[in-house]
Every structure is written in C-alpha cells, then in structure tokens.
Amino acid sequence: MTSMREFGRRHGAVLGAIAGACALAVASAGARAQVKDSYDLFEKMGLLTTDPNGGGSYLGSPPVSFSSGSLLLGFDGPSQYNAASFGRNFIPPDTMGAVGKTQYVATTNGAYAVYNKSGSLLSMTSDVAFWAAAGQTGAFGDTRIMYNATASRWVAVSFGANVSDLQIAVSNSDDAMGTWKSVKYSGYNPAAFGGVADYPTLALDKNAVYIGTNNFKCLDALCNGANFKGTTLNVIPTDSLFNAIAPTVANMKQFVTPNTADRGFAIQGVNSETAGSTGKIVANSAFYTDNMTYKVNGLTTSSATGATLGENTYLGVTNLTDPSAARQPAVTVPGNARVIDALDQRIGSSVYESKGKIFMVQSVDGGDMNAAATGYARVRYTVIDSNTNAILDQGDIGSGQYDYYQGSIAVNSAGQVVIGYDRSGSGPTDGKISFMASTYMVGADGKLHSTGGELLLKTSVVDDYHNGSADGLNAADRQRWGDYSQVSIDPTDQSKFWLIGEYALGYNDAAYGHPTGTGGSRWGTYIAEINAPIPEPSTYMMMVFGLAAVGGIGRRRRRND
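Residues numbered from 1 in each chain as written. Predicted model: local features only at pLDDT ≥ 70, side-chain atom pairs only at ≥ 80, totals over all residues. Heavy atoms only, no water.

A separate point is the overall build of the chain. Each helix and strand counted, the chain has 7 helices and 37 strands in total. Per-residue burial for the chain yields a buried fraction of 60% across its 561 residues. Across the chain, every contact between residues at least 6 apart in sequence was considered, and the portion connecting residues at least 24 apart equals 60%. Carbon and sulfur atoms make up 53% of the accessible area of the chain, which amounts to about 19600 Å² in all. (Helix = DSSP H or I, 4+ residues; strand = E, 2+ residues; numbered from the N terminus. Buried < 20%, exposed > 50% of the residue type's maximum accessible area, 1.4 Å probe, protein only. Contact = heavy atoms within 4.5 Å. Areas by Shrake-Rupley, 256 points an atom, 1.4 Å probe, with all protein chains shown as cover.)

Below you can see the structure in the form of structure tokens.
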C-alpha cells in the first residue's frame, strides 16, 4: 500500500503548476503582441477564421466535413493563442467541451467558445468575461461543462477568483450564448493561508450534480507549495440548479474526507439516466492501489442534506502503475523526446452508466497487462456491473512503440462506446502527438468489441512540443498535458459522439509568425463529430447470444472498514 507520504510527494506539485500558470498569465501582455504578429502569417496560411460577432479573427482552420465513414466533422477549438489574446495564458489548457441540441461549447483555461453543429464559431470570450456576465468576479480555470438534455440547460463549474472557491453557472435556456446565472461557495479553505479545491470534477444524474475536489492546504501566504489534505464530494440536488430562479447550494451536502482515510482521488460521479434515490461514485484509490466505487444514498431532486455515503468497494483491478512521460520525435532537440506529462492513473474524465454497467478510463503503464509494453503509456478501460461492482471487462488501448494517454469515454443507450485519446511516439513519420479515437460495441457479457480501427482526428503541427522554454533548448519545467479531454453524446441523435482533445501548435518563433518569440510550441484543441458504427448483423448477433454464456467475471473485493 502506498503511504500517504508518498501520496503527498506525488501530488504536492499541483500548486506549483498553479503558480506556473499564474506566471504565464502575468506574462501575457507580451504574448498579446506576439499573437498579433503571428496573425499576419496565419492569415496568409488560411488558418484564421473571422468571428461573426465582431470579435476579430481567431486561430483555427475552417471546419472539415466528411461525406462518409465514421468521422463526420472536425474543426479547431480554442487555442493558447486565443487565451493569450484575452490576457489569459495558461498551461495546460484543461481541454473540455460538451454538445447540446444545436451548439457545441468548448472551454479551456483562458478562452471559452460556442460553435454551431456545422463547426462555425458563434462566440468566443475569455473565461473571466464569461463568469462576470454570469455574476461572478474573476475565474481561475479548471473548468468542466456538461449539457443536461432533460432540463435543456448547460452547467459549468470552475475555480473562483480564489482557488479555494468553486463557482457554478447554469444557462437560462439551451442557447449557450444566452444569459447565465451562477452561485459561488467555499470548496476548501482552511484557516491558515487558505487552500485549493483542486481538480473539480462534474457529473449529472436524475437526482443530483456531483462535484469532487482534491484538497490542498497552502504552506505560505503565496501558496508556494501545498499539503494534500483529503477530498470533498459536493452533492447538489438537480432542482437547486435547474429548476430554481437562480442556482443555489442551500440544499447541498459536502462529504469531506481527510487524507488519513480513502474516498478516492479525483472523485468522479457517474453520469446516469437511471432514476432512483442512489447516486454512484467511482475513483482511483487515494492510496494508488486500486479503483473504488461507493454510493450516495438518500437523495431526492430537491435535497441532498440527508444523504449518506455507503461503504467503499475496491474493484480488484489489474495492477495500476503511473505512466511515464510520453514520447515524441523531437528531431530538433533529442532531450525533448520524453517530456509530455501523461499525468497519472487518476480517472480524470467523465464516467458513464448504461444498462446496468459503468464505464471508465485512466492512463497506466502498459506493463501492468503486457510485459512487452512496460514503459509505454496506455489508456485502460474498465467496465463494471453497477449492482454487484464485479469487473466485466478491462483492457488497454495501445500498441507498438507508441504512448497512449489523456483518454475519455462515453457510452450511449444502444451500447455504442467511443474512447478518445492522444497517441505519440518516437517515429519521425507518425510519432507526432495525435488526437485519436476508437469505437466499440458492448456485448451481453459487458465486454467491449471493436467496431473499427483507430480514427485519426488531428495531428500536431510540430514534432517537438515543449511549452514555455526557448526553442532549440531542452524543455523546462513540467510539460503538463491535458489535464483532461471529453467525449459527449449528441442529445438529438445518440449515435453521434462529439470529442475534444489537445494537440500541439507551431513554435513561438519567427518561423511561425512570432518575430520576437523565443518559446516552444503552444497548445491547441480540436473538436470532432463521430458516427459510431454498428457491427454487421451476424457479428452483432454473435456478441449478443454467442458470448452471453460467458457471463460476468467476478473479482476479489475488499472493503474499507
């Protein structure tokens, strides 16, 4: 079992990353000048699109439509250059997005954007401006956003102006460019120096909205360093957000767990359409030994104040090891070949329930399942029975001399599954960081069956991503990637899945339109629409009937007393 001292060592750098983001934000005045210089070149290259609302031009190639096959549409989302143009310049982007009935909303650290379903930009603004319009003063990133099809409303959560606070915004209609209302509350704020309600997650079911945080205490007044202090699960009844005149947390229940106990790390509520008085939670163990699940009992749509947490169930997953830094060709500077931070084994993206099964992904070392893949990052998917918690299927996405990381998943009511992720490697021809996806169908036994090969959605512009250090030199500091991606299901057609992920843009130097720039490349985001394929009838019938006899695979379970 990993000690809490080791756990703190692994995650104590979170505040350092926040401090680094602050430093980049402060330096953004110079970045704005460099962005303007770059626009001249990008305009010549045809990579600028005009904002029809008068916001000027933004970096991004025109939407690409595909007439046949699984990939239907692809277009650029907000980039680091967009964020810097608003005076907001952060690493990493915290790539996030969701699809609604008529729009797609993409959020990053610094820039929020709304697109129509043809990929055309409708609006782009800074995160600070968005939250100001919703009634808050300031914002500090880590945004998550989802669309509630039942209420026809959008919901977003992010840091407040102080990272000890969280703020929630809810749209007043299904038009993301319309008005929003918001509420702010204290996420984690110890008396001495304050704290950070870090890595807020977001999930919805019929009864409640679930927001999990990792809690850190600042070690000085400037928050230079922090101690991990445990986690908080915030449970808010849906009526308090979607059916109230304005969103409120009056009926919220906060479950605070100290760092001496274990309710998981990066707590994820399970997105579900199943009605009932019980919510479900999935997380990687805070001791980094297993994945776990537990229930939130006693919920109604109007109140969570009487809710209680059920016992932990450890799933007994195959060994979990953090992935190493991901590879890239890095032809110009070999020392940059393995600097991409593939993060760790936390379940960083949304978790879904469909027809009595729960689906999740995380990044791991490939050697956990295949000795030949030791040292290579893989995206691990796990499927469990939502009633018994037995593992029905688990496997690693990845092959050959590539690293796979920053996965996200969604599953619809028909059992179609889409997993998005980044892939990179050392190969000079195909090693650039690429945003990709794989599609599956769920068999009667709960196992995932591939319905096609890998889909290449977007390839990075450069083969040497490093952000914040001078071009031609080794990467400086952590090259944090992600921290997450997202797959969401189209509420008007569940066979269509929308994905957003990160890729690397051109270098911040003269060759790429930055005459005074000396930095490495910058991040970009990409949005794609996929039509999940259904296998041939004969194959599908084999999945339904021929494999049904296999049944679920029971796994050992441990309970936390």
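Following Ile91, the chain continues into Pro92 via a peptide bond in cis, with omega recorded as 0°. Considering the arrangement of structural elements, one finds Pro92 in the loop between α4 (80-85) and β5 (96-99). Cis geometry marks the peptide bond from Gly482 to Asp483; its omega dihedral reads -5°. Locating Asp483 in the fold gives a position in the loop between β33 (479-480) and β34 (486-489). In this model, Cys223 sits at a positive phi of 60°, which is unusual for a non-glycine residue. When you line up the elements, Cys223 lands in the loop between β15 (208-218) and β16 (226-237).

Before going further, it helps to examine the state of the cysteines. Summed over the entire model, instances satisfying the criterion amount to 1 disulfide. The disulfide partner of Cys218 is Cys223, and the S-S distance across this bridge is 2.0 Å. Handedness here is read from the sign of the S-S torsion; for Cys218 and Cys223, about -70°, the answer is left-handed. Since its relative accessible area comes to 5%, Cys218 is described here as buried. (Disulfide = S-S within 2.5 Å.)

Below, the discussion takes up the packing of aromatic side chains. With the rule as written, the count across this model stands at 15 aromatic pairs. Ring plane angle 70° and centroid distance 6.3 Å describe the contact between Phe90 and Phe140, whose orientation is recorded as edge-to-face. One end of the pair, Phe90, is in the loop between α4 and β5; the other, Phe140, is in the loop between α5 (127-133) and β9 (144-148), and 50 residues separate them in sequence. By relative accessible area, which is 4% here, Phe90 ends up buried. Taking 5.7 Å as the distance between ring centres and 75° as the angle between the ring planes, the aromatic pair formed by Tyr199 and Tyr484 counts as edge-to-face. On the criterion of sequence distance, the pair formed by Tyr199 in the loop between β13 (195-198) and β14 (203-204) and Tyr484 in the loop between β33 and β34 is long-range, its members being 285 residues apart. A residue is classified by how much of its surface remains accessible, and Tyr199, at 2% relative accessible area, is buried. Tyr484 sits in the buried class, given a relative accessible area of 3%. Among the aromatic side chains, those forming a connected cluster through ring pairs are Tyr112, Phe130, Trp131 and Trp180. (Phe/Tyr/Trp six-rings, centres within 6.5 Å; stacked < 30°, edge-to-face > 60°.)

Attention shifts here to the environment of Asp94. Structurally, Asp94 is set in the loop between α4 and β5. Not counting residues up to four positions away in its chain, the partners in contact with Asp94 are Thr107, Thr108, Asn109, Asp142, Thr143, Gly482, Asp483 and Tyr484. For Asp94, the side chain forms a polar contact with the main-chain nitrogen of Asp483, separated by 3.3 Å. (Polar contact = N/O pair within 3.5 Å; in protein donor to acceptor, adjacent residues only side chain to side chain.)

Let us now look at the pairing of strand β36 (residues 519-531). Burial of β36 is extensive: 12 of the 13 residues sit out of reach of the surface. One ladder, built from 5 bridges, connects strand β4 (residues 71-76) with β36; its direction is antiparallel. Its bridge partner being in β36, Phe75 is matched across the sheet by Ile527. (Pairing = 2+ DSSP bridges.)

Another point: the side chain of Asp464. As for its placement among the helices and strands, Asp464 is situated in the loop between β32 (455-459) and β33. A polar side-chain atom of Asp464 sits 3.2 Å from a polar atom in the side chain of Asn336. Here Asp464 is in contact with Gln328, Ala330, Thr332, Val333, Asn336, Tyr507 and Ser521, once residues within four sequence places are set aside.

The next subject is the pattern of salt bridges. By the definition in use, this model includes 12 salt bridges. A salt bridge links Asp490 to Lys117; the nearest nitrogen and oxygen atoms lie 2.8 Å apart. A residue pair is termed long-range when its members are at least 10 positions apart, and Asp490 in the loop between β34 and β35 (496-508) and Lys117 in the loop between β7 (111-116) and β8 (121-126) qualify at 373 residues. Its relative accessible area of 3% is what places Asp490 among the buried residues. Each of Asp368, Arg380 and Asp396 takes part in salt bridges that share partners, so that together they form one network. (Salt bridge = Lys/Arg side-chain N within 4 Å of Asp/Glu carboxyl O.)

Another point: the sheet that holds strand β12 (residues 180-186). The strands making up a sheet associate through backbone hydrogen bonding, with each pair oriented either parallel or antiparallel. Spatial strand order, β9-β10-β11-β12: 4 strands in an open sheet with antiparallel pairing. If you trace the sheet from one side to the other, it starts and ends with β9 and β12, each paired once. Across the sheet, the axes of successive neighbouring strands diverge by a mean angle of 15°, strand direction being ignored. The pairing of strand β10 (residues 153-159) with strand β11 (residues 165-171) spans 5 bridges and is antiparallel. Directly across from Ala156, in β11, lies its bridge partner Ala169. (Axes fitted to C-alpha atoms, helices over the stretch in contact; angles between N-to-C directions.)

Within the secondary structure, Ala246 sits in the loop between α6 (238-242) and β17 (253-258). On the basis of relative accessibility, which here comes to 36%, the residue Ala246 falls in the partly exposed class. For the pair Ala246 and Val183, spaced 63 residues apart in sequence, the C-alpha separation works out to 8.0 Å. Contact partners of Ala246, with chain neighbours within four places excluded, come to Lys181 and Ser240.

Let's shift gears to the sheet that holds β34. Taken together, 5 strands build an open sheet; the order of strands is β3-β4-β36-β35-β34 and the sheet is antiparallel. Here the strands that pair on one side only, and so sit at the sheet edges, are β3 (64-65) and β34. Bridge analysis of β3 against β4 gives 2 bridges, and the strand direction is antiparallel. Within the sheet, the bridge partner assigned to Ser65 lies in β4 and is Leu73.

Judged by nonpolar contacts, the single largest core of 85 residues is most densely connected at Ile168, Trp180, Ile211, Val417, Ile419, Leu448 and Leu457. If sequence neighbours within four positions are ignored, Trp180 has contacts with Phe130, Ala133, Ala134, Ile145, Trp154, Val155, Ala156, Ala169, Val170, Ser171 and Asn172. Core analysis: the second largest hydrophobic core is formed by 16 residues, Ala208, Leu233, Ile281 and Met292 among them. (Core = buried A, V, L, I, M, F, W, Y, C linked by side-chain atoms within 4.5 Å.)

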